[in-house]
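Structure at a glance
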Amino acid sequence: MNKRCATINKILPFSCVDGPGNRLVIFLQGCNLNCLNCHNPYTMTFCDNCGDCVATCPHGALSFQNNRVHWESDICQQCDTCLQTCTKNSTPMTGQYSVDSILAIIRQYLVFINGITVSGGEATLQLPFIMALFSAIKNADDLKHLSCFIDSNGHLSLMGWKKIIPYTEGTMIDLKAWKSENALYLTGRDNQKVIDSIKFLARADKLYEVRLLYIPDQTDYLEYIDELSAFLLTLPTETRIKINAFQTHGVTGTASTWASATKDEIEYFASLLAQRGIQNLILPQIYL
């Protein structure tokens, strides 16, 4: 039995956009960035049990017990009033799951999925849980055929990546800006560690996808298109270069006033990369 636990925000039984094939996706709570454009800001921090949200719940799904906020998922109507109340980029709607409990959930959907992806928030903040989960999957006769992927912002130390790569088939890394100055503005941290992570994972043959979130007038991809392209050309040709289009859905604060990326802007960005030899470009299928 493996009782190591993680704080989990959501489990999505089926996804076709979080790695190859149909995947069960586990969204872990907590993040080490503070992105202005975050579409899920309630995943950033862990609930500190202040209790401010309890009185605002219109369905009585929240209570305060033993100095902790208690969430009853069976009563909850997912109205998100608690998220609107919270001023700390958190949520009371999380759960503590052990490795064994996650394995039981995986087995419920086993015949429908090709693999598991851990995401967030930032999944690698709970790295020991990921290692324990992936190891358990690899050692289970009925689960070991599943591929195990990590969706990350890349702010994990190289020592951390060395610990996890024996247990994972691939990673998807967000390169949110090219220059560290732009990354610092957008996310609160520079991106040198992200660059180092991408290089390391590429050498280890564990880099499945690099994601570029295009934000009109905010990201610096176009300004440094030659440098960005030269870097991407150093990656294995099978690495997917996925361009995501910024939209304001779920965004709060200053970024909620930013312009959304249009199909024309994304296709222009992609054309500049293609002209410079970038292959395996993946563009959005839908623009909201």
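Residues numbered from 1 in each chain as written. Predicted model: local features only at pLDDT ≥ 70, side-chain atom pairs only at ≥ 80, totals over all residues. Heavy atoms only, no water.

An unreviewed UniProt entry lists the chain under the name YjjW family glycine radical enzyme activase, from Moellerella wisconsensis.

Quick notes on the packing of aromatic side chains
Here the structure, examined in full by the defined rule, presents eight aromatic pairs. The rings of F14, Y109 and F112 are connected pair by pair, giving a single aromatic cluster. For K10, the ring lying beneath its charged end belongs to F27, and the centroid distance is 5.1 Å. K179 extends its terminal NZ or CZ atom over the ring of Y224, reaching a point 5.1 Å from the ring centre. (Phe/Tyr/Trp six-rings, centres within 6.5 Å; stacked < 30°, edge-to-face > 60°. Lys NZ or Arg CZ within 6 Å of the ring centre and 35° of its normal.)

Considerations on the pattern of salt bridges
Between side chains of opposite charge, pairing is possible as soon as their charged atoms come close. For the structure on display, the rule yields ten salt bridges. Between D142 and R107 there is a salt bridge, and its shortest N-O distance comes to 2.7 Å. Of this pair, D142 sits in the loop between helix 3 (127–138) and strand 7 (147–152) while R107 sits in helix 2 (residues 99–108), and the two are 35 residues apart along the sequence. Looking at D142, the relative accessible area reads 32%, which means it is partly exposed. On the basis of relative accessibility, which here comes to 37%, the residue R107 falls in the partly exposed class. Note that D174 and K176 form a salt bridge whose closest N and O atoms lie 3.9 Å from each other. For K176, a relative accessible area of 24% translates into the label partly exposed. Because the salt bridges share partners, they merge into one network encompassing D151, E209, R211 and R240. (Salt bridge = Lys/Arg side-chain N within 4 Å of Asp/Glu carboxyl O. Helix = DSSP H or I, 4+ residues; strand = E, 2+ residues; numbered from the N terminus. Buried < 20%, exposed > 50% of the residue type's maximum accessible area, 1.4 Å probe, protein only.)

What to know about the side chain of S119
Relative to the elements of secondary structure, S119 occurs in strand 6 (residues 115–119). For S119, a relative accessible area of 6% gives the class buried. Setting aside residues no more than four positions away along its own chain, S119 makes contact with V25, I26, F27, L28 and D151. (Contact = heavy atoms within 4.5 Å.)

Considering the pairing of strand 2 (residues 23–28)
Buried residues dominate strand 2, accounting for six of its six residues. Neither face of strand 2 is left uncovered, since the one carrying R23, V25 and F27 and the one carrying L24, I26 and L28 both have all their residues buried. Pairing geometry for strand 1 (residues 5–15) and strand 2, over five bridges, is antiparallel. Bridging across to strand 2, I8 finds its partner in L28. Summarising the sheet, strand 2 and strand 6 pair through five bridges and their orientation is parallel. Each residue of the ladder has a partner; that of F27, found in strand 6, is S119. (Pairing = 2+ DSSP bridges.)

Things to note about the environment of N37
Following the sequence through the fold, N37 ends up in the loop between strand 2 and strand 3 (62–65). Using a relative accessible area of 6% as the deciding quantity, one classes N37 as buried. Separated by 182 residues in the primary sequence, N37 and T219 have C-alpha atoms spaced 11 Å apart. Residue contacts for N37: discarding those within four places in its chain leaves L186, L213, I215, F246, V251, A255 and W258.

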